[in-house]
Amino acid sequence: MFAEASLSVWGWGSLGVVLFLISFGPFAIFYLAFYVLCFIGGGFVVLLLFGKTHSEKHLERCEHSSLPSTQTAILKVSEEMKSESKPIKIDRRLTGSNIIDEPLQQVIQFALRDYIQYWYYTLSEDETFLLEIRQTFQNALVEFSTRSKDVDWQPYFTTRLVDDFATHLRVFRKAQEKLNEREDQKQRDASDELIDSFFEAEVEMERSICRDVVCTSRKDEEGYLRDLCEVLLYLLLPSGDFHNKNMRYFLREVLARGVLLPLINQLSDPDYINQFIVWMIYDSSCDYEAFLNILKLTDNVFELEAVKDKVLEELQYLRSLDTAGDDINVIKNQINSLNFVKKICETRIQRLKSGKEVDDLKLAANFAKLCVIPLEHILVHNIALQFFMDYMQLMGGQAILFFWLTVEGYRVTAQQQLEVLQSSQRDGKKQSSQTTKGLLRAAALGVFDQYLSEKASPRVQVDEAAVARLAQKLNTEDPTPEIFDEIQRKVYDLMLKDDRYYPKFKHHPMYVHMLADLDMLKEPSFRGSDDGDGESFNGSPTGSINLSLDDLSSGSMDESVQLHAFISDTGVCNDHGKTYALYTVTVVRKNSDGSQDTWKTYRRYSDFHDFHMRITEQFESLAPILKLPGKKTFNNMDREFLEKRKKDLNAYLQLLLNPEILKACPFLMPFVYDFLENKAYSKGKGDFARKVPPLIPKSNIDPEHCRVSAQLDDNVDDNIPLRVMLLLMDEVFDLKERNQWLRRNIKNLLQQLIKATYGDTINRKIVDHVDNMTSPEQVSDYVKRFRDSYWPNGILAETPPRREKNTCMRTRVAAKTTLLGIMPDELKHIIGADTSRKGILRVFDMFQHQPLNRRLVYVFIEGILETLFPQHKFPELFVKLHSRSPRVLKYSKKIRSLQKR
């Protein structure tokens, strides 16, 4: 039954299909499927439209329902966003000076346009952000300007700045000395080795600071600048702007990476510094001799090749010219000069590449061709005497030399004093001959006791019979200027003929260094000598030795101006319970035009004593000659005692103002004028120092491991800028290596040279110069130059193309030549030509290492910030920032380990 039913279904279904196909055709099935799909799609569309309509009506009913409203804060923010932004008013006043504010506003406008607007407008057209940025910049500038006006910049520019530079130079010199001690030449010439030695020396000097990480690592440098800029923003920005993190971070990055880092990169670039040196002294004429000296002294092959290439280029151009007449002679001379320079470069390059280069002094040490300077000339010339004194000290004969010099000083003083005595007797003036002879006798006995007596240490070993005759004369006869002549001649003959002294000195390397400092390592003018050894000195093509004290002292004082002083009265004063004697000193100055100035000044005995200590410390040759009346503890206010002291002090003044003494000590006159001026006397030493002699040095710290300003000597001069300047020159030319006796003379000569250049008002001139540098007109000029250099004609300047290596090398040569060319001849005569060259070239070499230049720039920045914000703890901050250096940690561990021992 089931099978039959199934068959009937299939049968009737098949029949229906057949009939459908016969009735509607074979394509009817497709029409049916299409109709079904359209029905289903239409149903979905109707359902969607009906649901959307009812959903909107339902949402509308929900809004008007009793549900709670949205929060008021959201609505308030929404309303503020929809409302129009109010315009920000910007006050264009920055510094309070219109001549500064105008160019400064232009700089701000250009900076915003070229560094912010060009990318900001791609994000938004709303200018509110730009106005806020501008207002923030201006607030910072106003705060900076206000603080700058409250700062006294004179101490920084006259003391701190010079001290920072001199200390930097000292560290560089110490690093060079460490490298020179190494035997490996390649290591010694490596720049990396020098930089490492420099920062090692910096740690030893600064102890808790080392800037090596900041100066050698770009990542650490950027981190340091970010920290520094964030501190500055905290100090300069309003509180609201600073606590806006987005604003603070944005400004920090702009200042650190957009302003300070490019500026430091430029200022520390050696090539930029060399160009600046050439530009700064562009008006000085080129010194051809200095140029040749640079070529002969340089050890940089690239410099020589760059100069040689330029010479070949110029030769090719000159040879291509078609000239006739007088021009041909000029061109021939130029070609000959260029060929000479070319030959020097080629010879020097060959020496350096062959590895046969040695020190110039060793090359010059062909003793058969050296100039021979007579001993008598050496003894009267400052530079030559220095080397001979060092040699005599090396040979243990310094006492002989000092005896000869002391006797020379005694002879001059004795002749002066006796001439004054004879002159006063001819004029009918009363002057005690016994007082004069007593002073001379005391001076002569002082010389005898110091060098010839049995208790002398060291004792000058000469003929004992001659010493005995001298002792008898001193005890029985009046002293004369010639009393030491016999022994002095024996001492001179001993230095001249003894093989240990002058004969051997002429064959010692110190003699070659002496000729180099005198600029006399050249062919002499003729042969012949006083002792038949070598060639005799008769001048030099470029420099000569001064042969007399008159030449040394020429120009140091006006001989037509005469100064006389005497004590006209004395009295006893009482001040706040203290009783002391006061002496009236009458001073008469006769000028060259015949006029005469007279004034009175008042001095105590302690003033005389302080003045005496000062000049005898500066001029040791005066110590055995000038004798100040001794002190008296009791009854020192008696009239009779005061009259006696008045006479003794008068004799002291007459001896001091003798023209011959002033001529022998040409730099004594400023001290005398200072003492005799009608003003309160400023003591060079304290009361305790006048009573107790300095038995130990002021500090047990090595001066080489301290800042330069730590060596300021309070006893020399009250002029701080001048003293710091002298310390700088001391560091540049390394005068500390000189023996102390001649170092003081050199220092006095330098001081006299500076005073002669700037006058007695040097401090006022420096102050005026600093005031001029910080005046509104000058600051406005600085801002305009900055604006015009970065935005010429209002358009951002393009980055200059990188200079070729040959151009940079020629700039190095030009900078060195310029520096040597402006060195005054007076400086060469004071400290020596070779010493001057080495000092100038040391300063130049210091600027040829970018990490070291970065260190100097950061030192200056830190000094400015410490001066600008004295109430804030910037020194502690810098210690903390720089203490991250591994060298500081290593040095601290080393110190702790040494302290535990």
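As a reminder, the structure under discussion sits directly above these lines.
Sequence order as written defines the numbering, with residues in each chain counted from 1. Residue-level local features of this predicted model are given only where pLDDT is at least 70; pairs of side-chain atoms are given and counted only at 80 or more, and the full residue set underlies all totals for whole chains, interfaces and linings. Excluded from the side-chain calculations are hydrogens and water; all other atoms, namely the structure's heavy atoms, are used.

A. Broad picture of the packing of helix 13 (residues 270-280) against helix 36 (residues 805-821). Between helix 13 and helix 36, the least distance of the axes is 9 Å, while the angle of their chain directions is 45 degrees. In terms of axis orientation, helix 13 runs oblique to helix 36. Seen from above, helix 13 lies across helix 36 with left-handed handedness. Judged by residue contacts, D271, N274, Q275, I277 and V278 of helix 13 engage C808, T811, R812, A814, A815 and L819 from helix 36. Only the stretch in contact is used when a helix axis is fitted, and all axes are lines through C-alpha atoms; the angle between N-to-C directions ranges over 0 to 180 degrees. Numbering goes from the N terminus for both helices and strands, where a helix is a DSSP run of H or I of at least four residues and a strand is a run of E of at least two. Convention used here: angles under 35 degrees read as roughly parallel, angles over 145 as roughly antiparallel, angles from 65 to 115 as roughly perpendicular, and any remaining angle as oblique. What makes a crossing left-handed is the near helix being turned counterclockwise from the far one by less than a right angle; a clockwise turn instead makes it right-handed. Two residues form a contact once any of their heavy atoms are found within 4.5 Å.

B. Looking closely at the packing of helix 6 (residues 154-180) against helix 38 (residues 833-846). With their axes 10 Å apart at the nearest point, helix 6 and helix 38 run at an angle of 95 degrees to one another. On the basis of their axis angle, the class for helix 6 and helix 38 is roughly perpendicular. Residues F165, H168, L169, F172, R173 and Q176 of helix 6 lie in contact with helix 38, whose contacting residues are R842, V843, D845 and M846. Polar here means any residue outside two lists: the nonpolar Ala, Val, Leu, Ile, Met, Phe, Trp, Tyr, Cys and Pro, and the charged Asp, Glu, Lys and Arg; Gly therefore counts as polar. Class assignment for the residues of the contact of helix 6 with helix 38 results in five nonpolar, two polar and three charged.

C. Fine view of the state of the cysteines. A pair of sulfur atoms, both from cysteines and within 2.5 Å, is called a disulfide here. For the coordinates displayed, the defined rule picks out zero disulfides. A disulfide-free cysteine, C215 has its sulfur positioned 8.4 Å from the sulfur of C210, the nearest such atom.

D. Up close: the packing of aromatic side chains. Pairing of aromatic side chains here covers Phe, Tyr and the six-membered ring of Trp, requires ring centres within 6.5 Å, and sorts the geometry by plane angle: under 30 degrees stacked, over 60 edge-to-face, intermediate tilted. This model, assessed by the stated rule, comprises 27 aromatic pairs. A centroid spacing of 5.4 Å and a plane angle of 90 degrees characterise the contact between Y224 and Y858, whose relative ring orientation is edge-to-face. Residue Y224 is found in helix 10 (residues 218-236), and its partner Y858 is found in helix 39 (residues 850-868); the two are separated by 634 residues along the sequence. Judged on exposure class, the residue Y224 and its partner Y858 are both buried. Three or more aromatic residues link up through ring pairs in this structure, and these residues are W119, Y120, Y121, F129 and F250. Think of it as a cone above the ring: NZ of Lys or CZ of Arg counts as a charge over the ring if it is within 6 Å of the ring centre and within 35 degrees of the ring normal. Here the guanidinium or amino end of R248 rests over the ring plane of F242, the centre of that ring lying 4.6 Å away. A cation sits over an aromatic face here: K805 above F302, 3.5 Å from the ring centre. Using a 1.4 Å probe on the protein chains alone, a residue whose accessible area is under 20% of its type maximum counts as buried, one over 50% counts as exposed, and one in between counts as partly exposed.

E. Seen up close, the pattern of salt bridges. By convention in these notes, a salt bridge is any Lys or Arg side-chain nitrogen within 4 Å of a carboxyl oxygen on Asp or Glu. Taken as a whole, this structure holds 37 salt bridges when the rule is applied. Linking D597 and R589 is a salt bridge whose minimum nitrogen-to-oxygen distance equals 2.9 Å. Owing to a relative accessible area of 28%, D597 belongs among the partly exposed residues under this scheme. On the basis of relative accessible area, R589 is assigned to the partly exposed category, the value being 25%.

F. Looking closely at a nonpolar patch on the surface. To count toward a patch, a residue needs a relative accessible area above 30% and no salt bridge. Like charges then connect within 9 Å, nonpolar side chains (Val, Leu, Ile, Met, Phe, Trp, Tyr) within 5 Å. Here the Shrake-Rupley method, with its probe set to 1.4 Å, supplies the accessible areas, and only the displayed protein chains count as covering residues. A cluster of nonpolar residues, F27, I29, F30, Y31, L32, F34, Y35, V36, F39, I40 and F44, forms a patch on the protein surface that exposes about 1,300 Å² of accessible area. Note on placement: V36 falls in helix 2 (residues 28-63).

G. A look at the nonpolar core. Ranked by size, the top nonpolar core spans 98 residues in total, and within it Y224, L295, V307, V341, F869 and F874 carry the most contacts. Put simply, buried Ala, Val, Leu, Ile, Met, Phe, Trp, Tyr and Cys residues joined by side-chain atoms within 4.5 Å make one nonpolar core. Membership of the second largest hydrophobic core comes to 52 residues, among which are M389, L440, A444 and F505.

H. Expanded view of the environment of P238. Tracing the chain through its elements places P238 in the loop between helix 10 and helix 11 (239-242). In this structure, the C-alpha to C-alpha distance between P238 and E143, residues 95 residues apart in sequence, is 9.4 Å.

I. A look at helix 8 (residues 191-206). Expected helix span is taken as 1.5 Å per residue step, with the number of steps being one fewer than the number of residues. Compared with an ideal rise of 1.5 Å per residue, which puts 16 residues at 22 Å, helix 8 spans 22 Å between its outermost C-alpha atoms and is within 8% of the ideal. For helix 8, every residue scored as buried is listed here: L194, I195, S197, F198, F199, A201, E202, V203, M205 and E206. Just downstream of helix 8, R207 is the residue with a positive phi angle, here 70 degrees.

J. Fine view of unusual backbone geometry. Within the chain, R207 stands out as a residue other than glycine whose phi angle is a positive 70 degrees. Structurally, the position occupied by R207 is in the loop between helix 8 and helix 9 (212-216). Owing to a relative accessible area of 37%, R207 belongs among the partly exposed residues under this scheme. A positive phi angle, near 60 degrees, is found at N793, a position not held by glycine.

K. Broad picture of the side chain of N853. Within the secondary structure layout, N853 lies in helix 39. Think of a polar contact as two N or O atoms within 3.5 Å of one another; within protein, one of them needs to be a possible hydrogen donor and the other a possible acceptor, and neighboring residues in sequence only count if both atoms come from side chains. A polar side-chain atom of N853 sits 3.1 Å from the main-chain carbonyl oxygen of S268. Those residues in contact with N853, other than ones at most four positions away along the chain, are S268, P270, I273, M846 and F847.

L. Seen up close, the environment of V412. In this structure, V412 sits in helix 20 (residues 398-426). The sequence separation of V412 and K663 amounts to 251 residues, and the corresponding C-alpha distance is 9.5 Å.

M. Local environment of helix 25 (residues 509-517). For helix 25, the complete set of buried residues consists of Y511, V512, M514, L515, A516 and D517. Downstream of helix 25 by a residue or two, D519 has a phi angle that is positive, lying close to 60 degrees.

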